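Listed below are the residues making up each chain.
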Amino acid sequence: MFDTPRDAALDVPSPPLTIQAGATQRDLAQACLDNALALIESVLNDREGENTPAGERAAVRVCVTSAHVLLGAARQLMAEPLHLLAPKERGQRLKALVEEAKTAGRAAYRAALMLTGHE
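Predicted model, so just to flag it, every value in this text is computed and none were measured. (Residues numbered from 1 in each chain as written. Predicted model: local features only at pLDDT ≥ 70, side-chain atom pairs only at ≥ 80, totals over all residues. Heavy atoms only, no water.)

S.K.: Break down the nonpolar core for me, citing the residues and quoting the values.
M.R.: Core analysis: the biggest nonpolar cluster contains five residues, these being A59, V62, A107, A111 and M114. At the level of elements, α2 (54–79) and α3 (87–116) are the ones that each hand at least two residues to this core. Considering each element in turn, this core owes the most residues, three residues, to α3. (Core = buried A, V, L, I, M, F, W, Y, C linked by side-chain atoms within 4.5 Å. Buried < 20%, exposed > 50% of the residue type's maximum accessible area, 1.4 Å probe, protein only. Helix = DSSP H or I, 4+ residues; strand = E, 2+ residues; numbered from the N terminus.)

As structure tokens, then:
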């Protein structure tokens, strides 16, 4: 994201990843998503007090929030796969997931515009 040797997000300690013995690949993926979401929350909270220009802080917040939304959508899919839902509910969930993905994508694009001064 930034032209530094280490991204500031890497300096944030990650929350513990709790995996129980005998966990499936799906359990591991769910735990990774949960960990990523917790790490994003931590990054958002830690960046608030930084001495960074307001425009950069806003762009980072928008971009990281976008990632948070996308990970949340992936988490929902992992928790309740669409193929297990009734057709009507599947259609509703797909529509909601598409809207979330569009919103997140637009937010990431907006963050890029903010960083380049085009917004």
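S.K.: Can you lay out the confidence of the model for the protein for me, pointing to particular residues and giving the numbers?
M.R.: Taken over all residues, the pLDDT of the protein has a mean of 76, while the share at 70 or more is 78%. Looking at the elements of the protein, mean pLDDT is at its lowest for helix α1 (residues 25–47), recorded as 78, and at its highest for α3, recorded as 90. In this model, residues 1–10 is a region of pLDDT below 50 whose contacts with residues beyond four sequence positions or in other chains number ten contacts. (pLDDT = per-residue confidence, 0-100. Contact = heavy atoms within 4.5 Å.)

S.K.: Report on the packing of α2 against α3, specifying residues and quantitative values.
M.R.: Two numbers describe how α2 lies on α3: the axes approach to 8 Å, and their chain directions differ by 160 degrees. Considering their axes alone, α2 and α3 lie roughly antiparallel with respect to each other. For the crossing formed where α2 meets α3, the hand is left-handed. Of α3, the residues touching α2 (which contributes G55, E56, A58, A59, V62, C63, S66, V69, L70, A73, Q76 and L77) are R93, L97, E100, A101, A104, G105, A107, A108, R110, A111, M114 and L115. When its residues are assigned to classes, the contact of α2 with α3 shows 16 nonpolar, four polar and four charged. (Axes fitted to C-alpha atoms, helices over the stretch in contact; angles between N-to-C directions. Parallel < 35°, antiparallel > 145°, perpendicular 65-115°, else oblique. Left-handed = near helix turned anticlockwise from the far one by under 90°. Nonpolar A, V, L, I, M, F, W, Y, C, P; charged D, E, K, R; others polar.)

S.K.: How would you sum up the pattern of salt bridges? Please name residues and give values.
M.R.: If you walk through the whole model with that rule in mind, you get two salt bridges. When the shortest N-O distance is used, the salt bridge between R93 and E80 registers 3.2 Å. Here the residue R93 occupies a position in helix α3, and E80 occupies one in the loop between α2 and α3, the gap between them amounting to 13 residues. A residue is classified by how much of its surface remains accessible, and R93, at 15% relative accessible area, is buried. On the basis of relative accessibility, which here comes to 34%, the residue E80 falls in the partly exposed class. Close ionic contact of K102 with E99 constitutes a salt bridge, the shortest N to O distance being 3.1 Å. (Salt bridge = Lys/Arg side-chain N within 4 Å of Asp/Glu carboxyl O.)

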